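# Summary of the model geometry
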There are 2 protein chains.
Amino acid sequence: MAESIETLGEFGLIDRIAKQTTTQQPTTLKGIGDDCAVLSQSEGMVKVVTTDLLLEGIHFDLTYCPLKHLGYKAVAVNLSDVCAMNAYPRQITVSIGVSGKFTLKAIDDLYDGIRLACQRYGVDLVGGDTTSSLTGLTISITAIGEQKPSRLAYRNGARPNDILCVSGDLGAAYAGLQLLEREKRVLKGNNSASPALDGYKYILERQLKPEPRPDIVDFLEKIDVVPTSMMDVSDGLSSELIHICSQSEVGCRLYEDRVPLHAETKALCAELNINPIVAALNGGEDYELLFSIRQEDYPKFQSQPGPEIYAIGYVCEKEKGRRMITTGGDEADLQAQGWRFFTN
Amino acid sequence: MAESIETLGEFGLIDRIAKQTTTQQPTTLKGIGDDCAVLSQSEGMVKVVTTDLLLEGIHFDLTYCPLKHLGYKAVAVNLSDVCAMNAYPRQITVSIGVSGKFTLKAIDDLYDGIRLACQRYGVDLVGGDTTSSLTGLTISITAIGEQKPSRLAYRNGARPNDILCVSGDLGAAYAGLQLLEREKRVLKGNNSASPALDGYKYILERQLKPEPRPDIVDFLEKIDVVPTSMMDVSDGLSSELIHICSQSEVGCRLYEDRVPLHAETKALCAELNINPIVAALNGGEDYELLFSIRQEDYPKFQSQPGPEIYAIGYVCEKEKGRRMITTGGDEADLQAQGWRFFTN
């Protein structure tokens, strides 16, 4: 009889996952296998903790998201939250609820993606929970990181005249999703068609396999800069800017023509008749870091080679509002759900 | 318009939860409201982390589990895992997925129970995630605790001649569940009947509102005893003993007549024609602590007043197997799923 989730049972499944999992972090004293994982503290560091719940049909669609990519992405988005505190990710726990439709191969694929992300980012899988589900797939991930308290970046420290920076291009993950949705509609009821995804490798990867940016955390330490505020772009640039402004009690000016957009994002947006700045402002899932720095820290970014950083605007007094200066020179209020104002 | 989950939205719901939540742990540097919670380390302590995923229809049945109780229980079982390391619970994160059938009142009830458990056990709610769900209620909780590394109790340290102890009576949660299931069957299609739960307050509470045992962790520190192994009884005494024996590479002898059983457990088991030792061995969800101690530590338990501890057997060499000595003087192998051997 072939091994299945039913014949393995919960403890068998946990054993299987544990056997395929190794730990490498010096702070992991005990991984999978007891009532709790045990984590030591590096000298002078504090811990940061974040958690995400991902539900089939809400956060992912298995018709176009391979399980290995899903596992990778689920880890990546949690590590991104740790990076968004300007902290280093160290450990994760992963809980899954799976219905009877899942094979053991499917679970292996999911965990292959989880482990790949762990290896890529030097993070240990130290625990979790497995359970059966009456419906679809449920994934809950908790990520733990650490950093010196003096280097942590919160959302509430932005001050007028700080420079707003972002670590990479925006809107690509949203463009990738639009492409996948279009192909899903085209292919429905047409088994002979192949999806027309050629020329869009970058935006598909941004959607299916986003990457957190611990390299930015590293670089900021190297050049001795602590951002005055920081978030990761998960809900769209506009929404994240509003969070930072609201929690820091400041306003901002964003320059439309400074927002980095990838050529593929622009190309697909042109095909679909979407303004690409809308994808950047409201698309989300880019997982780049958005942060503010003091003006005097700006030259440090040029002091040594490192990842590209884009200055996209500045922080101003609260009374001046949160606005985008468009390429045409107009000003427009930023909206958390800005679709109404930006449709072509 | 009455406030609803839809009108509040995800951020509104998080704000609402955050506003109703206060923190009290000195190790909580930052709670809800940023990308991560931030936790400091107490001098000389390490952190322990555990996580559980609870799904409607699998782990709970909302037809007889009030949401406030469910919130309380979801926290309690996670704190119990922290106690099972002989550690002190300090923080939790809570993620929920809710379908459209839930009202804001229902979510408030759930969080009332969560906060009640937090207050009762001096634990901070420091983060989480809220999302909509296509189906039922999903709850994922991560609990974080701390302890000196020298006081942690793992599953693999039991040695021959150690005494096996348990912190309270077993089988009551299972008996409570049988009672609830019976009443659910009786009431089906009979709206005029009242459930016949009189005289079973204790077993109902054990099922609906279990309590973790940080008082045992406290007491063990007070009397200077570190258990050689420890688990909490979530899957039934038999299953937990097998885990400890397997991970410690030892055998054990359990005395049937020493296993503590509550009078209500015995009474309901008599009504339902179940052997109450079956409820204790295989029922689970008691959340008492099962642990082994060195013989020379045993007198310390009498050295000062404290919670009652029950010696229920001893650890032996692996070759001698894992067996229960029945009240009649026979020996029976312990089975993780022992129903076959213990039916009346």
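Each chain carries its own residue numbering, running from 1 in the written order of its sequence. Note on labels: chains are lettered from A, ligands numbered from 1, in written order. A pLDDT threshold of at least 70 governs which residues receive local features in this predicted model, and a stricter bar of 80 or more applies before side-chain atom pairs are shown or counted, although totals over entire chains, interfaces and linings include all residues. The basis for every side-chain value is the complete set of non-hydrogen atoms in the structure, without hydrogens or water.

## Description of the sheet that holds strand S5 (residues 124–132) of chain A
- Pairs of strands are assigned from DSSP output, requiring at least two bridges between the strands. Comment: elements are numbered from the N terminus, with helices defined as DSSP H or I runs of at least four residues and strands as E runs of at least two. The six strands lie next to each other as S5(A)-S4(A)-S6(A)-S3(A)-S2(B)-S1(B), forming an open sheet whose pairing is mixed. Sheet topology places S5 of chain A together with strand S1 (28–30) of chain B at the edges, where each strand pairs with a single neighbour. Strand-to-strand twist in this sheet, taken as the mean axis angle between neighbours without regard to direction, amounts to 20 degrees.
- Throughout, a residue-residue contact means that at least one pair of heavy atoms, one from each residue, lies within 4.5 Å. Axes, fitted as lines to C-alpha atoms, cover a helix only where it is in contact. Angles between the N-to-C directions of the axes lie from 0 to 180 degrees. Each of strand S4 (88–98) and S5 of chain A is contacted by helix H1 (residues 5–19) of chain A, which is oriented at about 165 degrees to S5 of chain A, the strand it contacts most.
- Against the sheet, helix H2 (residues 67–83) of chain A contacts strand S3 (46–55), S4 and strand S6 (138–147) of chain A, and its axis sits at roughly 35 degrees relative to S6 of chain A.

## Some thoughts on helix H5 (residues 201–208) of chain A
- Think of it in three bands: residues with accessible area under 20% of the maximum for their type are buried, residues over 50% are exposed, and the middle band is partly exposed, with areas taken using a 1.4 Å probe on protein chains only. Inspection of H5 of chain A places Ile203, Leu204, Arg206, Gln207 and Leu208 of chain A among the buried residues, and these make up the whole buried set.
- Against H2, helix H4 (172–187) and helix H8 (263–272) of chain A lie the buried residues of H5 of chain A.

## Points about the packing of helix H1 (residues 5–19) of chain B against helix H3 (residues 104–121) of chain B
Residue and element names in this part refer to chain B.
- It is the contact of H1 with H3, at a shortest axis distance of 12 Å, that shows an interaxial angle of 15 degrees. One way to sum up the angle between H1 and H3 is to call them roughly parallel. Crossing geometry of H1 relative to H3 is assigned as right-handed. Across from Ile5, Leu8, Leu13, Arg16 and Ile17 in H1, the residues of H3 making contact are Leu104, Ile107, Asp108, Tyr111 and Arg115.
- Partitioning the contact of H1 with H3 into residue classes produces seven nonpolar, no polar and three charged. An angle counts as roughly parallel when it lies under 35 degrees, as roughly antiparallel when it exceeds 145, as roughly perpendicular when it falls between 65 and 115, and as oblique in every other case. Note on convention: the crossing is left-handed when the near helix lies turned anticlockwise from the far helix by less than a right angle, right-handed when the turn is clockwise. Side-chain classes follow a simple rule in which Ala, Val, Leu, Ile, Met, Phe, Trp, Tyr, Cys and Pro form the nonpolar group, Asp, Glu, Lys and Arg form the charged group, and the remainder, Gly included, forms the polar group.

## Examining the nonpolar core
- Residues belong to one nonpolar core when they are buried, are Ala, Val, Leu, Ile, Met, Phe, Trp, Tyr or Cys, and are joined through side-chain atoms within 4.5 Å. Residues Ile92, Ile114 and Ile139 of chain A are the most contacted members of the largest nonpolar core, which totals 51 residues.
- When contributions to this core are tallied by element, the ones reaching two or more residues are H1, S3, H2, S4, helix H3 (104–121), S6, H4 and H5 of chain A.
- Looking at which element gives the most residues to this core, the answer is H3 of chain A, with nine residues.
- Discounting chain neighbours no more than four positions away, the residues touching isoleucine 139 of chain A are Asp52, Leu53, Leu54, Phe60, Leu70, Ala74, Ser95, Ile96 and Leu110 of chain A.
- In this structure, Leu79, Tyr121, Leu152 and Leu179 of chain B belong to the second largest nonpolar core, which totals 50 residues.

## What about the state of the cysteines?
- Two cysteine sulfurs form what is called a disulfide whenever their separation falls within 2.5 Å. Using the criterion set out here, one finds zero disulfides over all chains in the structure.
- No disulfide involves cysteine 65 of chain A; its sulfur sits 17 Å from the nearest other cysteine sulfur, which is in cysteine 118 of chain A.
- Considering cysteine sulfurs only, cysteine 252 of chain B is the nearest to cysteine 165 of chain B, which forms no disulfide, with 13 Å between them.

## With respect to the environment of isoleucine 325 of chain B
Residues and elements named next belong to chain B.
- Position of isoleucine 325 among the secondary structure elements: in strand S12 (residues 322–325).
- You can call isoleucine 325 buried: its relative accessible area is 16%.
- Remark: the alpha-carbon pair of isoleucine 325 and tyrosine 255, spanning 70 residues in sequence, is separated by 4.9 Å.
- If near-sequence neighbours (up to four positions away) are discounted, isoleucine 325 is found in contact with Arg253, Leu254, Tyr255, Glu256, Asp330 and Glu331.

## Overview of the interface of chain A and chain B
- Counting residues at the interface gives 54 residues for chain A and 54 residues for chain B.
- When the two sides are added together, the surface that chain A and chain B hide from each other amounts to roughly 4,200 Å², 58% of it contributed by carbon and sulfur.
- Two parts lose some accessible area (1.4 Å probe) when they are put together, and adding that loss for both gives the buried area. Among the residues chain A hides against chain B, the three largest losses belong to Asp35, Val49 and Leu53 of chain A. Together they make up 16% of the total.
- Salt bridges are counted wherever a side-chain nitrogen of Lys or Arg sits within 4 Å of a carboxyl oxygen of Asp or Glu. One can count four salt bridges joining chain A with chain B.
- The partner of aspartate 34 of chain A in a salt bridge is arginine 155 of chain B, and the shortest N-O contact between them spans 3.6 Å.
- In protein, a polar contact means a hydrogen-donor-capable atom and an acceptor-capable atom, both N or O and within 3.5 Å, with residues adjacent in sequence counting only if both atoms are side-chain atoms; elsewhere, any N or O pair within 3.5 Å suffices. Our count for the contact surface shared by chain A and chain B stands at 19 residue pairs in polar contact (both at pLDDT 80 or more).
- Per-element accounting of the side of chain A that touches chain B gives the leading share, nine residues, to S3 of chain A.
- Partitioning the side of chain A that touches chain B into residue classes produces 22 nonpolar, 21 polar and eleven charged.
- Alignment of strand S2 (residues 37–39) of chain A against strand S3 (residues 46–55) of chain B, held across three bridges, turns out to be antiparallel. Residue pairing across strands places valine 38 of chain A opposite valine 48 of chain B, the latter belonging to S3 of chain B.

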